[in-house]
Amino acid sequence: YVGGALPAGGVTVQQIESGDDKEIGSRLREISLSLRAEGPLDGVLRALGALESGPRLLRVTRVSIERSLGTPVPGSAEAVVIGATVRGYAEVSPRAMGEQR
């Protein structure tokens, strides 16, 4: 979902890695993703906002922004590179809980 949401803002995903998942309570799991992407600053901000306000329960907990090393295309906005941590939450189904025990 995260990898599909970012390109809508003109952002190119360079890397997504899953982090440590952890159980919160008996039926809820927190899922952590680290990502690196590149695009125009306004597109990056729109994409991150869309993640947090979209249909999934997600929140952006860390963002770093740096200037892209690429040469900007004349007439276009300068690109930035972002690193971010996104956390999401998923209900653990009773069936999956039974399989884990």
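Residues numbered from 1 in each chain as written. Predicted model: local features only at pLDDT ≥ 70, side-chain atom pairs only at ≥ 80, totals over all residues. Heavy atoms only, no water.

**A few points about the nonpolar core**
Consideration 1: Ranked by size, the top nonpolar core spans 16 residues in total, and within it Val-2, Leu-6, Leu-35, Leu-51, Ile-82 and Val-86 carry the most contacts.
Consideration 2: At the level of secondary structure, the elements contributing two or more residues to this core comprise helix 1 (2-5), strand 3 (28-40), helix 2 (41-53), strand 4 (58-67) and strand 5 (79-91).
Consideration 3: If we skip the residues at most four places from it in the chain, Leu-6 touches Val-11, Val-13, Leu-35, Ala-37, Ala-47 and Leu-51. (Core = buried A, V, L, I, M, F, W, Y, C linked by side-chain atoms within 4.5 Å. Buried < 20%, exposed > 50% of the residue type's maximum accessible area, 1.4 Å probe, protein only. Helix = DSSP H or I, 4+ residues; strand = E, 2+ residues; numbered from the N terminus. Contact = heavy atoms within 4.5 Å.)

**Details of the confidence of the model for the protein chain**
Consideration 1: On average, residues of the protein chain carry a pLDDT of 84, and 86% of them reach 70 or more.
Consideration 2: Within the protein chain, the lowest mean pLDDT, 54, falls on helix 3 (residues 94-100), and the highest, 93, falls on strand 1 (residues 12-18). (pLDDT = per-residue confidence, 0-100.)

**Digging into helix 2**
Consideration 1: Its 13 residues place the ends of helix 2 18 Å apart at the C-alpha level, agreeing with the 18 Å of an ideal helix rising 1.5 Å per residue.
Consideration 2: Among the residues of helix 2, those classed as buried are Gly-43, Val-44, Ala-47, Leu-48 and Leu-51. Down the axis, helix 2 shows its buried residues gathered within 130° of arc, on one side only. The outward face of helix 2, more than 90 degrees from its buried face, is lined by the exposed residues Leu-45, Arg-46 and Ser-53.
Consideration 3: In this fold, the buried residues of helix 2 make contact with helix 1, strand 3, strand 4 and strand 5. (Expected span 1.5 Å × (residues − 1). Arc of directions from axis to C-beta.)

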